[in-house]
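Structural overview for review
Residues per chain are reported as follows:
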Amino acid sequence: MPWRVTLGHTRSVVSAVLRYGLAVLSVATAIGLALPLERSERAPFVAPILCAVVASAWFGGRGPGWLAVLLAIASGKYFFIAPLHSLAVGTEVLPRFLVFAVSAVLAHTLTMGRRRAEQSLRQARDELEVRVEARTADLRRANEALRAEIRQRQHAEDALRILVEVTTAASDTASVADLASACLKKICELRQWSLGQVWFPRPDTAALVCSRESFFSESDGGRASRGQPRRPVARGQDLVGRVWESKKAAWITDVTTVSDFPRGKAARAEGLISGFVFPITAGDEVLAVFEFFSRSMREPDEPLLTAVETLGQRLGDILERRHAEDRLRRSEAYLAEAQRLSHTGSWARNEYTGEAVWSRELFQIFGYDPATTGPPGGRSCRGSGFTRTIARCTTR
């Protein structure tokens, strides 16, 4: 710290010496130029000396300027105003001397006023630049915040659009396979994925199995890989197994850089680079795992990552309903086949509305065509006619 103070003091001393030296040198140079001009009577001596005063005040400041004024007055009297080579001022030359002295003082005063104005203007400009820079920085930060907010809103809108369109596509399907295919296709189209496939848990082996019915690919190479068998994946193994276990989405920017991804080399051989996997859940149960690949390297898609947090639950609810509907259809098909083989039928009636429902085999037993005739009875089935019909059928 002391050496910094000494260095600053030394610099100020050197600066002062230079400024005052400039004043002395300027006046000496002006005297050297004015002497031949005065002798030749071509020009008065005042002009060079006043120029020296102006230069000293402008470049050196107030102190050097006043030193130049004193040196100019003294040297002007000594060299140019009678009696020469003397500082004494006679009454006959007093007016000329006063005019010269006042001219030197005015030159210094005007120069210092102009110098102060220039300094004030420069300071004001510097302050204005600082304020402009500060304001520009504030506006830049505000613009960045606005752009960030716009990006967040765009991400939210994209996420909502993904959620709505995929959920709508899933709702329009009639089976689990159709649901999975529709979701794979819609997500691939919306976010430009090259390939999509779905894995379903298989309870008997506690492993994930890749569905051969639900698949999407944008190229022939992807469709060719559809027929290739996929080995079951255990919980916690491979990318889909880890997602199955953690119930959280996973993103791979480059499949070849993941050490515990056995299918990485095969995927890269097919031209697949980036991957994305997310689970379909219903409560704590994982109903399916969706897997997507891209033929170009892709950074994490924030809108898609935001959407799948809710999309997995929405699709889980729909998928659970489709599973229940599939089970109901299978149960109805089994019942219809059992009735056909045993030549038995079933019927039901709503006591409040009077609506009756007959099975297909019951129509066959009574000789009715279900395509053209509704279930007989309705409200009138309470009568004896309907009872006699059932009785006749029973006695046969």
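The sections below set out a description of the structure shown in this document. Keep in mind it's a predicted model, so treat the numbers as computed, not measured.

Reading guide: rules and limits
- Residues numbered from 1 in each chain as written.
- Predicted model: local features only at pLDDT ≥ 70, side-chain atom pairs only at ≥ 80, totals over all residues.
- Heavy atoms only, no water.
- Core = buried A, V, L, I, M, F, W, Y, C linked by side-chain atoms within 4.5 Å.
- Buried < 20%, exposed > 50% of the residue type's maximum accessible area, 1.4 Å probe, protein only.
- Helix = DSSP H or I, 4+ residues; strand = E, 2+ residues; numbered from the N terminus.
- Pairing = 2+ DSSP bridges.
- Contact = heavy atoms within 4.5 Å.
- Axes fitted to C-alpha atoms, helices over the stretch in contact; angles between N-to-C directions.
- Patch = residues over 30% accessible without salt bridge, like charges linked within 9 Å, V, L, I, M, F, W, Y side chains within 5 Å.
- Areas by Shrake-Rupley, 256 points an atom, 1.4 Å probe, with all protein chains shown as cover.
- Salt bridge = Lys/Arg side-chain N within 4 Å of Asp/Glu carboxyl O.
- Lys, Arg positive; Asp, Glu negative; His and termini not counted.
- Charge placed at Lys NZ, Arg CZ, Asp CG, Glu CD.
- Polar contact = N/O pair within 3.5 Å; in protein donor to acceptor, adjacent residues only side chain to side chain.

**Brief notes about the nonpolar core**
One recurring pattern in soluble globular proteins is that nonpolar side chains are buried together. Formed by 33 residues in total, the largest nonpolar core has its most connected members in Phe278, Phe290 and Phe292. Looking at this core, the elements with two or more residues in it are helix H4 (94-171), helix H5 (176-191), strand E1 (195-202), strand E5 (274-282), strand E6 (285-294) and helix H9 (302-342). When residues in this core are grouped by element, the largest group, 8 residues, is from H5. Val27, Ala68, Val69 and Val93 belong to the second-largest nonpolar core, a separate cluster that totals 22 residues.

**Examining the sheet that holds strand E4 (residues 250-252)**
One open sheet holds the 6 strands; their spatial order is E3-E2-E1-E6-E5-E4, and the pairing between them is antiparallel. In this open sheet, the two edge strands, each paired with only one partner strand, are strand E3 (233-234) and E4. As defined by bridge partners, E4 adjoins E5 across 3 bridges and the pair is classed as antiparallel. Considered in E5, the bridge of tryptophan 251 is made with phenylalanine 276. The strands touched by H5 within the sheet are E1, strand E2 (207-217), E5 and E6, with E2 carrying the most contacts at an inclination of about 60 degrees. Contacting E1, E4, E5 and E6, H9 crosses the sheet at an angle of about 45 degrees to E5.

**A word on a negative patch on the surface**
On the surface, a cluster of negative charge is contributed by Asp126, Glu127, Glu129 and Glu133. Mapped onto the elements of the fold, aspartate 126 is located in helix H4.

**Considering the side chain of aspartate 301**
With respect to the helices and strands, aspartate 301 occurs in the loop between E6 and H9. Only 2.9 Å separates the side chain of aspartate 301 from the side chain of arginine 191, close enough to count as a polar contact. Residues contacting aspartate 301, with those up to four places away along its chain left out, are Arg191 and Trp251.

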